[in-house]
Amino acid sequence: MKNIQVIDGAVNSVYDIFSATDDEFSLIFPDGQDIAFIDEVYSRGNSRELDRAFENIWKRRIAKRDAMGIHGLLFL
């Protein structure tokens with residue numbers, strides 16, 4: 001599992017961290033990348049597959065104090 005910190009443009013954003021399987025992580029961050037922008041992720045991937053991956057990822061929020069590192073940053 002790898003941890004993704006999500007950065008969104010909301011004024012009250014909390015920059016949550018979510019856990020992703022290796023396969024889910026590779027869909028979002030291909031070729032060793034560790035920074036992604038949501039529009040670019042969807043432009044290069046299969047939207048149904050990405051929707052399923054994100055649906056699962058959003059269920060795996062991790063408290064910051066429990067996160068053992070951040071492997072990628074996702075800008076919404």
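Located above this text is the structure these notes cover.
To keep things clear, this report deals only with the structure shown in the data block. (Residues numbered from 1 in each chain as written. Predicted model: local features only at pLDDT ≥ 70, side-chain atom pairs only at ≥ 80, totals over all residues. Heavy atoms only, no water.)

### Concerning the packing of aromatic side chains
One pass over the structure, following the stated rule, counts five aromatic pairs. Look at Phe54 and Trp58: their rings are 5.3 Å apart centre to centre, the planes differ by 20°, and that puts the pair in the stacked class. These aromatic residues form a ring-pair network of at least three members: Phe18, Tyr42, Phe54 and Trp58. (Phe/Tyr/Trp six-rings, centres within 6.5 Å; stacked < 30°, edge-to-face > 60°.)

### A closer look at the sheet that holds strand β4 (residues 61-62)
Here five strands make up an open sheet; going across it, the order is β3-β5-β1-β2-β4 and the pairing mixed. The open sheet has two free edges, formed respectively by β3 (35-37) and β4, since each of these has just one partner strand. (Pairing = 2+ DSSP bridges. Helix = DSSP H or I, 4+ residues; strand = E, 2+ residues; numbered from the N terminus.)

### Looking at helix α3 (residues 47-57)
Taken together, the buried positions of α3 are Leu50, Ala53, Phe54 and Ile57. All buried residues of α3 fall inside an arc of 95° around its axis, so they share one side. Those residues of α3 that are exposed and angled more than 90 degrees off the buried face are Arg48 and Arg52. Residues of α3 that are buried sit in contact with β2 (17-20), α1 (22-28), α2 (38-44), β4 and β5 (72-75). (Buried < 20%, exposed > 50% of the residue type's maximum accessible area, 1.4 Å probe, protein only. Arc of directions from axis to C-beta. Contact = heavy atoms within 4.5 Å.)

### Some words on the nonpolar core
By size, the foremost hydrophobic cluster in this structure holds 13 residues, and its most contacted members are Ile4, Ile28, Phe29, Val41, Phe54 and Leu74. Going through the elements one at a time, β1 (2-7), β2, α1 and α3 are the ones with two or more residues in this core. Contact partners of Val41, with chain neighbours within four places excluded, come to Leu27, Ile28, Ala36, Leu50, Phe54 and Leu74. (Core = buried A, V, L, I, M, F, W, Y, C linked by side-chain atoms within 4.5 Å.)

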